[in-house]
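Topology and contacts: notes
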Amino acid sequence: MSFPLLTATAALPAVGAVITAAVPAARRTAAKWLALLVSLATLALAVTVLVRFDPDGARYQLTESHAWIKDFGVRYELGVDGIAVALIALTALLIPFIILAGWNDADPLETGSRRWRPTQGFFALILAVEAMVLISFEATDVFVFYIFFEAMLIPMYFLIGGFGDRAHEHGEAAASTQRSYAAVKFLLYNLVGGLIMLAAVIGLYVVAGNFSLQEIAQARASGSLHMATNTERWLFLGFFFAFAVKAPLWPLHTWLPNAMQEATAPVAVLITAVVDKVGTFAMLRFCLQLFPEASKWATPAILVLSLISIVYGALLAVGQRDIKRLVAYASISHFGFIIMGIFAMTSQGQSGATLYMVNHGISTAALMLVAGFLISRRGSRLIADYGGVQKAAPVLAGTFLIGGLATLSLPGLAPFVSEFLVLVGTFARYPAIGVIATFGIVLAALYTLVLYQRTMTGPVKPEVSAMPDLRARELVVVAPLIVLLIFLGVYPKPVTDIVNPAVKQTMSDVHKTDPKPSVEAAK
Amino acid sequence: MNPVNYLYLAALLFTIGATGVLIRRNAIVVFMCIELMLNACNLAFVTFSRMHGNLDGQIIAFFTMVVAAAEVVVGLAIIVSLFRTRHSASVDDASLMKL
Amino acid sequence: MENLIALLIAAPLLGAAVLLTGGRRLDRVGHWIGTLLSAASFVFGLILFVDLLGKNAEHRTLIKHLFSWVPVAGFQADATFRLDQLSMTFVLLITGVGSLIHLYSVGYMEHDERRRRFFGYLNLFLAAMLLLVLADNYLLLYVGWEGVGLASYLLIGFWQHKPSAATAAKKAFLVNRVGDMGLSIAIMLMFTTFGSFAFGPVLSHATQASEGKLTAIGLMLLLAACGKSAQVPLQSWLGDAMEGPTPVSALIHAATMVTAGVYLIVRSGAVFNAAPDAQLAVTVVGAVTLLFGAIVGCAKDDIKKALAGSTMSQIGYMVLAAGLGPIGYVFAIMHLVTHGFFKAGLFLGAGSVMHGMNDEVDMRKYGGLRTYMPVTFITFGLGYLAIIGFPGLSGFFSKDKIIEAAFAKGGTEGWILGGAALLGAAITAFYMTRVMLMTFFGEKRWQPDENGNEPHPHESPRVMRIPMIVLAVGSVFAGGLFSIGDRFLHWLEPVTGHSEGHSPVSAWTVTGATMVCLLVGVGIAWAQYGRKPVPAVAPRGSLLTRAARRDLLQDDFNHVVLVRGGEHLTRSLVYVDHTLVDGVVNGTAAGFGGLSGRLRRLQNGFARSYAVSMFGGAALLVAATLLMRAV
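Here, residues in each chain are numbered from 1, in the same order as that chain's written sequence. The order in which chains are written sets their letters, starting at A; the order in which ligands are written sets their numbers, starting at 1. This being a predicted model, a pLDDT of at least 70 is required before a residue's local features are given, and a value of 80 or more before pairs of side-chain atoms are given or counted; all residues contribute to the totals for chains, interfaces and linings. Just so you know, side-chain values use all the structure's heavy atoms and leave hydrogens and water out.

What follows concerns the overall build of chain B. Put simply, DSSP marks the helices as runs of H or I at least four residues long and the strands as runs of E at least two long, and each gets a number from the N terminus on. Within chain B one finds 3 helices and 0 strands. For chain B, the succession of helices and strands along the chain, N to C, is α-α-α. When the backbone C-alpha atoms are referred to their principal axes, chain B occupies close to 50 × 25 × 25 Å. Throughout this description, buried means an accessible area under 20% of the type-specific maximum (1.4 Å probe, protein chains only), exposed means over 50%, and partly exposed covers the range between. Sorting the 99 residues of chain B into buried and exposed places 24% on the buried side. Note on definitions: a residue-residue contact is assigned when non-hydrogen atoms from the two residues lie within 4.5 Å. For chain B, long-range pairs separated by at least 24 residues make up 57% of all intrachain contacts whose partners lie at least 6 apart in sequence. For the accessible areas, the method is Shrake-Rupley and the probe is 1.4 Å, while residue cover comes only from the protein chains on display. Total accessible area on chain B is roughly 6700 Å²; 72% of this is exposed by carbon and sulfur atoms. As used throughout, the charge tally considers Lys and Arg to be positive and Asp and Glu to be negative, leaving His and the chain termini uncounted. The atom standing in for a charge is NZ when the residue is Lys, CZ when it is Arg, CG when it is Asp and CD when it is Glu. Distance from the positive charge centre (6 side chains) to the negative charge centre (5 side chains) of chain B: 8 Å.

Shown next, in the form of C-alpha cells:
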C-alpha cells in the first residue's frame, strides 16, 4: 500500500493542534513557532499533493479507502480532483499567513484584566480548523464529509467567541456582548444548515444504501439507481441549504458580517477565505454530482438569489461604517459570483467559479489582513476614525490599495480573470442575468474607493499622524500575497490547467454542453 | 358481595388521598395521603386478583407494601431534616426545586 | 523584430516596478530612471517604425504571441500583441509625447517630495497605454484600458492630502467603470456571437453576424468609449480630473488616454460598418460632445478646466469622424495625433504659467504675462493657432477634413453634423482666444495672496522649455506633413479602410465657411476680452454662462439622482438588512426565548403544583385511552 498522502496532509495539522494545545502557557512563543512550523509542513505536504496530482489522469486520485462502520456502509474514503487540489493548496497556503498575522492577537491581556486567554489555544484551534477543512476537501464519502463539515464549527466558535476583536467604540463590556452574540449566531446558523443536511444525508442513505460519492454518482449515471423526481429535489435542497448557509447566499448571509466584525482579522480571513469555501466547493462536488437533475431544476432560483447576493452585498458594503463589516459584505457579493458561476452550467462559469474561490481567498486575505494591521494601530474599526493614513504609513496604504484593487477585480490582478470568466459563462446562457451582474463591478469600485479615500487620503488626522508603517513581520505576510495576486492575474494557467479537466467532468455529470456561438466560422 | 363494590371503595380512597395531596400543606398529612393512595391501589389489586382468579394482583400488592415501607423511611427522614432546618413542615415553604 | 514589441511595454513596466518598490534610496535618481526608460521605449518604437516603413503596405502587421493567458474550455485569451499601422501611430504618439512630458515633469515636480512615486505612476501609465494599443484581443485591451484608468486614478489623486483631489480621482475611476461595464458586456457579446474576442476572428467575420447583435456590440463599445474619452453622458469626470498635476493633464487627460475611446471605435471599424444604427449613435455623441465641451470651455475661468472643456470638444470631433465610417476613420486618427501635439503643448504652457504664478489657476488673476514668460507665450501661441485651425498649422488640416467628411455623410444628418462641426469651430476660436487674451494680454491683474506673497512671474527652467518647444514645432508642422500628398491616408488605409465621400458642398466652400467661423469667433472674443479690460471678479453672466460654469448642470443632476438616490438606497438597505433579514432570524430566536420563558414559569418549585400536573397528565392519559377504546 502506498503512503496515505491525503490522510497525512489532514492529520499533520490535527496532531499539531493537539501538541500545540499541550504547550504550557508560560512558553507561548514556543507554541507560536510550533504552530507556524506545522502549518509550513502541511503546506509542503499540500504542495506534494499538487505535484503528484496528474490533471489528465483519473478523476479522483491519491485515493484511500478503508471500511469504517460496516453496518451502515460508511467507508473512510478520500480522493481529490482538480478542484479539490486547488482548494487544498489555497488552504495550506493561507494558514501560515493567518498564523503569522495573528502572532500577537492572542497574547494575554494587560495585567488587571480577568479574562483568561490561552495563547497556545488560539493557534491550536487554527490548526484544528485547517485539519477539518482539508479533510472536507478530500472526503469522497458523504458521511465522512458531513462529520468534518459540522465539527469545524466547534473550533470556529471558540475562535470567534474567545479571541475576538477588542476594538469597540463602547468599551470592553460591549465588545464582549457583541462577540458572544456573533459566535452564537455563527454556530446556530451553521448548525441549522447542518441538521437539515443531516436529514438529507440519512435520506440519501435510505435511497442509495451507502454513502460513497463515487458509487452513488456512478449508479445514477448508469441508471441503476433511480431516484423519484421529488425525492431528488428534497435531498438536493437539504444539501444545498447547508452549503448556502456556509457560503453564504442571500438571505442566509447575516451571520457573516457579525462573525467577521467581531473576530480578529486573521480569524475573519479564516472564516471567509477558508471555511466558507467548503460551502461553495461542496455545491460543485455534492449537489451537482449527486443530484444533477434537481440542480438543473433549481438553477433559475439559485441564479436569482446569487444575483441578489452580488448587488445586495455590494450596496450594503457601500453603506457600512465599519471596515471589517464592509469587507464582509464585499465577500457576500463575491460569493454571489462564485455560486452564479457554479450554477451557470458552462465550462467558463465553473472554471471561473473555482478560480474565483482561490483568488477570492488570496485577495480577501490581503485586504483583510492589512485592514487588521491598520485597526490594531488605531484601536478602532470605524472608517470615520481614520484619514490621511497614506501620509503617515505609505507602505501600509499602498498594500491596502492593492488589496482593494484586487477586491474590485482590476485587470492584471488575479480576481479579474475569475470574475470575467464567471460573467462570460453566465452571459452565454442567461444574458440578462449576466448584464445585471456586471453592475457589481461598478459597485465594487464604489465601496473600495470610498473606503480607501476616507481612510487613507485627505488631511492627516491627529490620531494617525504617528502611526508606524508596516513592520517586517507584517510585510512578510502581505508581500507574498500581493506577488501571488499579480502572478495569478498575469498567468493563471497553472491553476486553470488543474481545474479544467475536473470542470469538464462536472459538466458531463449534469449533461450540459456549452452554448455554441452564433457565427461558427469565426472559431 | 359483588367485588365491584371494593373497586368503588378503592376509587373513593384514592380520590380522598389525591385531594389531600393537592390541598394540604402539612408534609406529614400529605405523606399520609400518599399512603392512603397506595393502599387504595393495593385494595384494587387484590380485588382484581379475586375477580380474575389468579395471584398476580396479590403479588404486586406485596411489592407495593415493601416499596411503601421503604418510601416511608426515606420520606420521613426528609421531612424530619426539613423540619429541623426550616422549623416548618409546610411543603409550600420548600420551593427549591425550580431552576 | 517582434520581440521588440514586448520590450516596448516591458521598459516602462520595469520602470514602474523599480520606482514603486525601490524605496527612498532611489529618490535622487528615480525621475531620471523613469525618463530614460520612457525614452528607451520611444527608441524601440522608432526602430519598429523604420522597420515597418521598409515593408510593403500589406505586410506591415507584426504579431507577437507571448503566452496563453486564460485557457479555459472554449474560452481562449492569449497574451498576444499586434503591431500594425494604427497601433504604430499610437505607439509613437504615446512614447514620444510621453517622454517629453517625463522630461518636463523633472522640472515641474522638482520640489515635490514624492517625485519618485510620480514617475513610477507615469511609467505605469505608459505601460498600460501601450498594452491597450498593442493588444491583439479585446480582453487584453481591457487590461490596458483599466490599467490606464488606474494610472489616471493614482495621478489625479497624486496630491492625496487635498480632499478635492482624492474625490476627483475616485469620481474619474467610477465614471470610467461605468464605461468599462460597456466594454465587458461588448466582449461577452462577442464571445457568444463569434466564440472569440480576438481582433482577427471578430473583425473578419463581423458581416456574418446579425445586425441586431452588431448594433448591441457597437453601442456597448460606444459606452466604453464615452467613459474613457469623456463623451456625453459620461463626461463629468474630466473637468475634476484637472486636480492632478499639470503634466498628468497634458499626457493622460489631453494627449493619450482620453483618446483611447477613439482608438477603440476605429479599431472596431468592421463592427460599426455593419451596424449603421450604432454608427449614427456614435456621430450623435460626438456632435453633442463637441458642442457641450466647447460651451463649457467658454465659461471656465480656471485655465486648466477651460482646456479640459476644449479637450472634450476636440475628442468630440474625433468621435464624430470615427462614427462616419470609412470616410472618417483616417481623419479621426489624424486629428487625434495633431491634437496630441497642440493640446499637450497648451497644457504644458498652462503648467508653465502656473509654475511661475504660485500655482494660481484663475485666469482672471493673470494678464499681460507675454513679457514675463516669452517662450511660454510663443509656444502656447503656436498651440493656440493650431487648435483654432489657423491656415497652414496642424489643426487646420485635420479639423477641416473632419468637417468636410461630416457634410459628406449626406442627407439631413450630413447637414446637421456638418453644421454642428462648423459651429464648434467658431466656439473653439472664441474660447481659445479668450484664454489667450486673458492670460497673456491686457493688464496684469494678480494680487498678493492673504499671506502677502505676491507672485513673481518668471520663465520656467530649461527642462520644461524644451518639451514645450518640441511640441510647438509638432503643432505647426505635423498637419502639413501628414496631409501633403495624403501621406497619413496611405499609411493608415490598409488597416482602417478609406472611401471618399460625396460631399454636397465643395471642399473649398467648407474651408471658406470654416475660415469665416474662425474669424467670427476670434472677433467676438476680442471684442469682449481684448478691447475691454477683464474684470478680476467674474460677472454674474447669462443663464447659459452660469450653467456652463457648472458643467451644464450635469454634476448637479448626477448629485441629485445618483449620489443622493444611491445614499438613500444603501441606507434603506442597511436598515432592511438589519431589521428585516436579520429581524426574521432574531425574531425566531426571540420567539423561542419567549416561549421557553413562559414554559419555565411552570417549574415553580412547589411540590403540589407538580402533583397537579401529574394528576392532570394521568387523567388525560386515562381519558385518551377510554376515548380510543370507544372509537
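Next comes the rest of the account.
Right, let's get into the overall build of chain C. Across its full length, chain C holds 24 helices and 2 strands. Dimensions of chain C along its principal axes, counting C-alpha atoms only, are 115 × 70 × 60 Å. With 631 residues in all, chain C has 58% of them scored as buried. Across chain C, the fraction of contacts at a sequence separation of at least 24, relative to all contacts at a separation of at least 6, is 80%. For chain C, the accessible area works out to roughly 23900 Å², and carbon and sulfur atoms hold 66% of it. On chain C, the mean spot of the 47 positive side-chain charges and the mean spot of the 38 negative ones are 8 Å from each other.

All names here are of chain B. Within this structure's numbering, the places UniProt gives as "transmembrane region" (unreviewed entry) are residues 6–23, 28–48 and 60–83. Helix and strand shares over residues 6–23 are 100% and 0% respectively, and the end C-alpha atoms of the span are 26 Å apart. Helix makes up 100% of residues 28–48 and strand 0%, with an end-to-end C-alpha separation of 30 Å. UniProt positions are given in the numbering used here, feature names are shortened, and annotations may be inferred rather than shown by experiment.

Glancing now at the pairing of strand 2 (residues 74–80) of chain A. All names here are of chain A. When you tally the buried positions in strand 2, you get 5 out of 7 residues, the bulk of the element. A pair of strands counts as paired when DSSP detects no fewer than two bridges linking them. Bridge analysis of strand 1 (residues 61–69) against strand 2 gives 6 bridges, and the strand direction is antiparallel. Within the sheet, the bridge partner assigned to Glu64 lies in strand 2 and is Leu78. Count of turn residues in the strand 1/strand 2 antiparallel hairpin: 4 residues, of which Gly73 carries a positive phi of about 65°.

Below, the discussion takes up the packing of aromatic side chains. Think of it this way: a Phe, Tyr or Trp ring, Trp meaning its six-membered ring, pairs with another when their centres are within 6.5 Å, and the plane angle makes it stacked under 30 degrees, edge-to-face over 60, tilted otherwise. The tally for this structure, following the rule as stated, stands at 47 aromatic pairs over all chains. Between Phe145 of chain A and Phe149 of chain A the ring centres are 5.3 Å apart and the planes differ by 25°, which places this aromatic pair in the stacked class. One end of the pair is Phe145 of chain A and the other is Phe149 of chain A, both in helix 5 (residues 142–151) and 4 residues apart, which spans about a single turn. Phe145 of chain A sits in the buried class, given a relative accessible area of 0%. Phe149 of chain A gets classed as buried once you look at its relative accessible area, which sits at 1%. With 4.9 Å between their ring centres and 85° between their planes, Tyr138 of chain C and Phe199 of chain C make a pair best called edge-to-face. Of the two residues, Tyr138 of chain C sits in helix 5 (residues 138–156) while Phe199 of chain C sits in helix 7 (residues 199–204), which places them 61 residues apart along the sequence. As far as burial versus exposure is concerned, Tyr138 of chain C and Phe199 of chain C are alike and both buried. The ring of Phe149 of chain A has Lys246 of chain A lying over it, and the distance from NZ or CZ to the ring centre is 4.7 Å. Comment: the charge-over-ring label is applied if NZ (Lys) or CZ (Arg) is within 6 Å of the ring centre and within 35 degrees of the ring normal. The cationic tip of Arg114 of chain C hangs over the ring face of Phe158 of chain C; the distance from NZ or CZ to the ring centre is 4.6 Å.

This part takes up unusual backbone geometry. Residue and element names in this part refer to chain A. A cis amide bond, omega -15°, links Ala247 with the succeeding residue Pro248. Along the chain, Pro248 turns up in the loop between helix 9 (229–246) and helix 10 (255–262). For the peptide bond that leads from Trp250 to Pro251, omega is 0°, which places it in the cis range. Along the chain, Pro251 turns up in the loop between helix 9 and helix 10. Positive phi, close to 60°, is recorded for Ser409, a residue that is not glycine. Inspection of the secondary structure puts Ser409 in the loop between helix 16 (394–407) and helix 17 (414–429). Assessed through its relative accessible area of 5%, Ser409 is described here as buried.

All names here are of chain C. Surface patches are drawn from residues lacking salt bridges whose relative accessible area is over 30%; two like charges belong together within 9 Å, two nonpolar side chains (Val, Leu, Ile, Met, Phe, Trp, Tyr) within 5 Å. Salt bridges are defined by distance alone: a side-chain nitrogen of Lys or Arg within 4 Å of a carboxyl oxygen of Asp or Glu. On the surface, Phe557, Val560, Val561, Leu562 and Val563 cluster together to form a nonpolar patch covering roughly 460 Å² of accessible area. Position of Val561 among the secondary structure elements: in helix 23 (residues 554–601). Accessibility expressed as a relative area gives 42% for Val561, which makes it partly exposed.

Looking now at the pattern of salt bridges. All names here are of chain C. Enumeration over the complete set of coordinates arrives at 23 salt bridges over all chains. Between Asp84 and Arg267 there is a salt bridge whose closest N-O contact spans 2.9 Å. With Asp84 in the loop between strand 2 (75–83) and helix 3 (85–108) and Arg267 in helix 11 (residues 260–267), this residue pair connects regions lying 183 residues apart in the sequence. Each member of the pair, Asp84 as well as Arg267, is classed as buried. With a shortest N-O distance of 3.9 Å, Arg571 and Glu567 are connected by a salt bridge.

Here we come to the interface of chain C and chain B. Listed as interface residues are 9 residues of chain C and, on the opposing side, 15 residues of chain B. Once two parts are put together, the accessible area they lose, assessed with a 1.4 Å probe and summed over both, is termed the buried area. Both sides together, the interface formed by chain C and chain B hides about 1100 Å², and carbon and sulfur atoms give 68% of it. On the chain C side of the interface with chain B, the three residues burying the most area are Phe606, Arg608 and Phe615 of chain C, jointly 54% of the side's total. Between chain C and chain B we count 0 salt bridges in total. Polar contacts, as used here, are pairs of N or O atoms within 3.5 Å; protein pairs need one atom able to donate a hydrogen and one able to accept it. Residues neighboring in sequence count only if both atoms are side-chain atoms. Here chain C and chain B share 2 residue pairs in polar contact (both at pLDDT 80 or more) between them.

Attention shifts here to the interface of chain C and chain A. Facing 56 residues of chain C, the contacting portion of chain A comprises 65 residues. Taking both sides of the interface into account, the surface hidden between chain C and chain A amounts to around 5200 Å²; carbon and sulfur atoms contribute 70%. Together, Gln160, Arg177 and Met188 of chain C form the three largest contributors to the area buried by chain C at its contact with chain A, with a combined 12%. Where chain C touches chain A, the interface holds 2 salt bridges. Salt-bridge contacts for Lys185 of chain A lead to Asp582 of chain C; the nearest nitrogen and oxygen are separated by 2.7 Å. Our enumeration of links across chain C and chain A arrives at 18 residue pairs in polar contact (both at pLDDT 80 or more).

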